[in-house]
Amino acid sequence: MLGQMQNRPLLIADLIDFAERFHGDGEIVSRRVEGDIHRYTYADAAKRARQVAHALDRLDIPEGNRVGTLAWNGYRHFELYYGVSGSGRVLHTINPRLHPEQVAWIINHAEDEALCFDLTFLPIIKAIHAHCPGVKRWIALCNGSALPADSGIPNLLAYEAWIAGEPDWYTWPALDENAAACLCYTSGTTGNPKGVLYSHRSTVLHAYGAAMPDVMGLSARDAVLPVVPMFHVNAWGIPYIGAAVGCKLVFPGPALDGKSVYELIEAEGVTLAAGVPTVWQMLLGHLQQHQLRFSTLERTIIGGSACPPAMIRAFKDDYGVTVLHAWGMTEMSPLGTLCTLKKKHLSLSPEEQLKILCTQGRPVFGVDLKIVDESGNALPHDGVAQGELLVRGPWIVSSYFKGEGGDPLVNGWFPTGDVATINSEGYLHITDRSKDVIKSGGEWISSIDVENIAMAHPAVAMAACIGMKHPKWDERPIVVVVKKPGTDVSKEELLAFYQGKLSKWQIPDDAVFVDAIPLGATGKMQKVKLREQLAGYVLPTA
Ligand code: AMP
């Protein structure tokens, strides 16, 4: 017997309609590429999203076809999120930090028919437009007066002129909730990137899940600053969650340095900010250098890479801000787990609580997790056994765009490529990417644990632990370190810092100091490149 409830589809356009009706005066504040601050409301955004939908109709872009964006976090990008997906097209967000050749490859692979870009990225567009014959229109996110003359780009329009004459009413199409809504390519550290095609249903369900109290816990009383980019994994879903809960949204545009982010947090009364550890490191550096305090910030969500415990401690002890450590990936929309305490943990000592808060946290309802050994056998959730992490759920990829890479699932589970432990309460601890695992004398050494300890040293700005070939032990770890400006630490001092914090055999054999560790397009350390940089290095113990 079937249930007798209404079968209304879950659609992205309903989010912005809802925000307009019930949070119409909710604020959206953006630092623009032009440098100034722009303010308007959800009601204004909804109107302009509908103008975008009309303008796309006028370009004759059929339902299901792709519209690319190469843009910072800002109100025009927000309007495209709704105007493109809401009208049945697929919003394809592109990471501008990729090499221009890769950007062109992605545009062609996605078959983008229009490409909307911030003027910051004009040099990229100039370099690639001739190689992207499928793009019918290049749309610069600016006023007509700011449109560059003699750019050499054919079919170039200014966004404001493009939507200006369009009506601000529109009847959103009655789409199938499983229709494609957004496309985001993985970072492609090996081989070409692969497209992850989110649906309306997966996006709305992710928004419900991510908004819950023990997850992002967003409400109409929050002011939220997504420093995580709208050009990669939809800024962790915040543009959708914001509309669902009616929180104030604060978009930082291109200014992601510590000073600009701090000033925006203070000026706009931000209560929650979200970003990767490297961004927060710049922010903390700025606060420390100028002896500043936060007046409104309560929580920061940190994910994308392991958040060093020293950072969680600094936010809490020095600034009274709670870090919510989150884990996820492009293929997961992205949220898988987020760390908050349970009631029974509240009586634990601050040190014991911190130990829990440093893990990647518990699964969001909707995400199922398991760890398996090399033969695929499930391992116990005892907090000790470590194995490859697999996930399943309604906002997790089932196959890549155009079937690239074949069927990624193993018996219905998506292998994440991460290695982890899970304890009996579901707290996940990521120890490594499987390709970064260090095996010494048959035992695994967690590169993340080694890095986290180095990061707790006051002279260390960034640390990467990699395994080096060893004649007796197969591999031995070394730690590669960037020092904080104006500080010093010797190799011996740094290695001594590990004493008592790790078992003797887990302590790195060497510390190597470098000026910079290569970072990828999503801010993650690129260990393959680092290895190339260290070609010729010989272990002192080998
Ligand atoms: P991406 O798909 O580019 O977002 O990268 C996803 C990968 O980032 C995951 O598979 C993890 O390896 C890594 N990652 C994300 N969040 C965390 C975290 N909190 N701790 C450790 N690794 C993380």
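Residues numbered from 1 in each chain as written. Predicted model: local features only at pLDDT ≥ 70, side-chain atom pairs only at ≥ 80, totals over all residues. Heavy atoms only, no water.

So, on to the overall build of the protein. Regarding its fold elements, the protein presents 15 helices and 25 strands. Scaling as 2.2 N^0.38, a compact globule of 542 residues should have a C-alpha radius of gyration of about 24 Å, and the protein matches this with 24 Å. Judged by the C-alpha coordinates and their principal axes, the protein covers about 70 × 65 × 50 Å. Looking at the protein residue by residue over its 542 residues, the buried ones come to 58%. Partitioning the contacts of the protein with sequence separation of at least 6, the portion at a separation of at least 24 is 66%. As displayed, the protein has an accessible area near 22600 Å², and 52% of this comes from carbon and sulfur atoms. (Helix = DSSP H or I, 4+ residues; strand = E, 2+ residues; numbered from the N terminus. Rg over C-alpha atoms; globule rule 2.2 N^0.38 Å. Buried < 20%, exposed > 50% of the residue type's maximum accessible area, 1.4 Å probe, protein only. Contact = heavy atoms within 4.5 Å. Areas by Shrake-Rupley, 256 points an atom, 1.4 Å probe, with all protein chains shown as cover.)

Time to look at the pattern of salt bridges. Inspection of every chain in the model, using the stated rule, returns 29 salt bridges. Linking Glu-20 and Arg-50 is a salt bridge whose minimum nitrogen-to-oxygen distance equals 2.9 Å. Residue Glu-20 is found in helix H1 (residues 12–22), and its partner Arg-50 is found in helix H2 (residues 42–58); the two are separated by 30 residues along the sequence. Exposure remark for Arg-50: the relative accessible area of 10% places this residue in the buried category. Of the charged contacts, one joins Glu-374 and Lys-439 as a salt bridge, the two residues approaching to 3.9 Å between their closest N and O atoms. (Salt bridge = Lys/Arg side-chain N within 4 Å of Asp/Glu carboxyl O.)

Turning to the packing of aromatic side chains, a few remarks are in order. All chains considered together, the criterion is met by 15 aromatic pairs. With a centroid separation of 5.9 Å and an interplanar angle of 45°, the aromatic rings of Tyr-262 and Phe-294 are classed as tilted. Of this pair, Tyr-262 sits in helix H9 (residues 258–268) while Phe-294 sits in the loop between helix H10 (277–290) and strand S13 (299–302), placing them 32 residues apart in sequence. Of the two residues, Tyr-262 and Phe-294, both sit in the buried class. Clustering of aromatic rings is evident, with ring pairs tying together Tyr-42, Phe-78, Tyr-81, Tyr-82, Tyr-240 and Phe-251. Of note, Lys-483 hangs over the ring of Phe-513, and the distance from its end group to the ring centre comes to 4.4 Å. (Phe/Tyr/Trp six-rings, centres within 6.5 Å; stacked < 30°, edge-to-face > 60°. Lys NZ or Arg CZ within 6 Å of the ring centre and 35° of its normal.)

A word on the nonpolar core. Among the nonpolar cores identified, the biggest contains 90 residues, and Phe-78 and Tyr-82 are the most heavily contacted of them. Counting residues per element, this core draws most heavily on H2, which supplies eight residues. When near neighbours in sequence (up to four residues on either side) are disregarded, Phe-78 contacts Ile-16, Ile-28, Tyr-42, Ala-45, Met-230, Pro-239, Leu-249 and Phe-251. Within the second largest apolar cluster, 59 residues are counted, among which are Ala-104, Leu-122, Leu-287 and Ala-314. (Core = buried A, V, L, I, M, F, W, Y, C linked by side-chain atoms within 4.5 Å.)

This part is about helix H4 (residues 100–110). What sets the pattern is the α-helix's 3.6 residues per turn: residues three or four places apart point alike. For H4, every residue scored as buried is listed here: Val-103, Ala-104, Ile-106, Ile-107, His-109 and Ala-110. In this fold, the buried residues of H4 make contact with strand S3 (66–70), strand S4 (90–93), strand S5 (112–117), helix H5 (122–128) and strand S8 (180–185). Once H4 finishes, Glu-111 follows within two positions and takes phi at roughly 60°, a positive value.

So, about the site of the ligand. Close contacts around the ligand come from 16 residues, with Ala-326, Thr-330, Gln-360, Asp-418 and Arg-433 the closest. Within the side chain of Arg-433, one N or O atom sits 2.8 Å away from an oxygen atom of the ligand. Here the ligand has 500 Å² of accessible area as a free molecule, and 91% of this is covered by the chains. The greatest single-element share of the shell around the ligand, amounting to four residues, is contributed by strand S14 (residues 322–328). (Near = heavy atom within 4 Å. Polar contact = N/O pair within 3.5 Å; in protein donor to acceptor, adjacent residues only side chain to side chain.)

On to the sheet that holds strand S20 (residues 428–433). Pairing within the open sheet is antiparallel, and its four strands lie in the order S17-S18-S19-S20. Sheet topology places strand S17 (368–372) and S20 at the edges, where each strand pairs with a single neighbour. Ignoring strand direction, the axes of neighbouring strands in this sheet form an average angle of 50°. In the sheet, strand S19 (residues 414–422) pairs with S20 via five bridges, with the strands oriented antiparallel. From the neighbouring strand, Val-419 faces S20, where its bridge partner is Asp-432. (Pairing = 2+ DSSP bridges. Axes fitted to C-alpha atoms, helices over the stretch in contact; angles between N-to-C directions.)

Here the protein is partitioned into domain 1 (9–34 + 41–166 + 175–200), domain 2 (368–433) and domain 3 (438–533). Summarising the inter-unit geometry, the C-alpha centres of domain 1 and domain 3 are found 40 Å apart. (Domains from an automatic or database assignment.)

For the bond from Ser-333 to Pro-334, the omega torsion is 15°, close enough to zero to count as cis. Its location among the elements puts Pro-334 in the loop between S14 and strand S15 (335–338). Despite not being glycine, Asn-234 shows a phi value in the positive range, around 50°. With respect to the element layout, Asn-234 can be found in the loop between strand S10 (223–226) and helix H8 (238–245).

To continue, consider the sheet that holds strand S11 (residues 248–251). Pairing is mixed across the open sheet formed by nine strands, whose spatial order is S2-S1-S11-S10-S12-S13-S14-S15-S16. Edge positions in the sheet fall to strand S2 (37–41) and strand S16 (362–363), since each has one partner strand and no second. Sheet topology note: the strand S1 (residues 27–31)/S11 ladder contains three bridges and is parallel. Bridging across to S11, Ser-30 finds its partner in Phe-251.

This brings us to the packing of helix H7 (residues 200–211) against H8. Axis separation between H7 and H8 bottoms out at 9 Å; the angle between their running directions is 70°. If you check the angle between H7 and H8, you find them roughly perpendicular. In this structure, H7 uses Thr-203, Ala-207, Ala-210 and Ala-211 to contact H8, whose residues at the interface are Tyr-240, Ile-241 and Val-245. Residues of the contact of H7 with H8, tallied by class, amount to six nonpolar, one polar and no charged. (Parallel < 35°, antiparallel > 145°, perpendicular 65-115°, else oblique. Nonpolar A, V, L, I, M, F, W, Y, C, P; charged D, E, K, R; others polar.)

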